[in-house]
Amino acid sequence: QVQLVESGGGLVQAGGSLRLSCEASGRTFSGYAMGWFRQAPGKEREFVAAITWSGGNTFYTDSVKGRFTISRDNAKNTVYLQMNSLKPEDTAVYYCAARRLVGVVTTARVSTARVYDYWGQGTQVTVSS
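The model shown is predicted, which means the values in this text are computed figures rather than measured ones.

Rules behind the numbers
Residues numbered from 1 in each chain as written. Predicted model: local features only at pLDDT ≥ 70, side-chain atom pairs only at ≥ 80, totals over all residues. Heavy atoms only, no water. Core = buried A, V, L, I, M, F, W, Y, C linked by side-chain atoms within 4.5 Å. Buried < 20%, exposed > 50% of the residue type's maximum accessible area, 1.4 Å probe, protein only. Helix = DSSP H or I, 4+ residues; strand = E, 2+ residues; numbered from the N terminus. Contact = heavy atoms within 4.5 Å. Salt bridge = Lys/Arg side-chain N within 4 Å of Asp/Glu carboxyl O. Pairing = 2+ DSSP bridges. Polar contact = N/O pair within 3.5 Å; in protein donor to acceptor, adjacent residues only side chain to side chain.

> Is there a simple way to explain the nonpolar core in this structure?
A general tendency of soluble globular proteins is for nonpolar side chains to be buried together. Leu4, Trp36, Val48, Phe68, Leu81, Met83 and Tyr94 are the most contacted members of the largest nonpolar core, which has 27 residues in total. Looking at this core, the elements that each hand over two or more residues are strand E3 (18-25), strand E4 (32-39), strand E5 (46-51), strand E7 (68-73), strand E8 (78-83), strand E9 (92-100) and strand E11 (123-128). When neighbours within four sequence positions are excluded, Phe68 is seen to be in contact with Arg38, Val48, Tyr60, Leu81, Gln82, Met83, Asn84, Leu86, Asp90 and Tyr94. Of all hydrophobic cores here, the second largest spans nine residues; its members include Phe37, Ala50, Ala97 and Val110.

> What am I meant to see in the pattern of salt bridges here?
Pairing is possible between side chains of opposite charge, provided their charged atoms come close. If you walk through the whole model with that rule in mind, you get four salt bridges. With a closest N to O distance of 2.6 Å, Arg38 and Glu46 form a salt bridge. Given a relative accessible area of 5%, Arg38 falls into the buried group. When salt bridges that share partners are traced, they join Arg38, Glu46, Arg67 and Asp90 into one network.

> Explain the pairing of E8 to me, please; I cannot follow it from the model alone.
Buried residues dominate E8, accounting for five of its six residues. The pairing of E3 with E8 spans six bridges and is antiparallel. Residue Leu18 lies in a different strand from E8, and its bridge partner there is Met83. Pairing of E7 with E8 involves six bridges; the strand directions are antiparallel. For Ser71, the partnering residue across the bridge sits in E8 and is Tyr80. Connecting the antiparallel pair E7 and E8 is a turn made up of four residues, with Asn77 showing a positive phi of about 50°.

> Sorry if this is basic, but what is going on with the environment of Tyr32 here?
Topologically, Tyr32 is positioned in strand E4. Since its relative accessible area comes to 5%, Tyr32 is described here as buried. The contacts of Tyr32, once residues within four sequence positions are left out, are Arg27, Thr52, Trp53, Arg72, Ala98, Arg99, Arg100, Asp117 and Tyr118. A distance of 3.3 Å separates a polar atom in the side chain of Tyr32 from a polar atom in the side chain of Arg27.

Printed below as a string of structure tokens:
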């Protein structure tokens with residue numbers, strides 16, 4: 001059974017940092033892209049960042065560019081999201097997701113929630129002003 005387990009969320013003041021982790025288990029994730037999404041209360045789930053299997057391609061939504069960094073350690077089946085200069089508007093439940101991805105990699109292919117095959121349970125990030 002495939003499992004994605006997020007950790008690292010918490011409460012932080014504006015300007016602070018958090019590092020989220022997502023550990024995958026239950027199958028080989030060779031060829032899988034990994035993404036981070038978030039959902040704030042009353043809002044739709046939105047794309048945050050994604051990374052290809054090799055780690056050679058990364059994608060970010062505009063609002064986090066320059067502040068967040070996605071990375072992965074395939075030997076550990078783990079993907080990370082380093083979040084710096086956090087703002088109150090970053091407050092949300094953060095989810096990691098995985099999808100099999102072959103061929104040309106485009107932003108559209110990694111930024112749409114419905115195309116992902118597996119999801120974690122989410123971890124809360126709260127940024128106080």
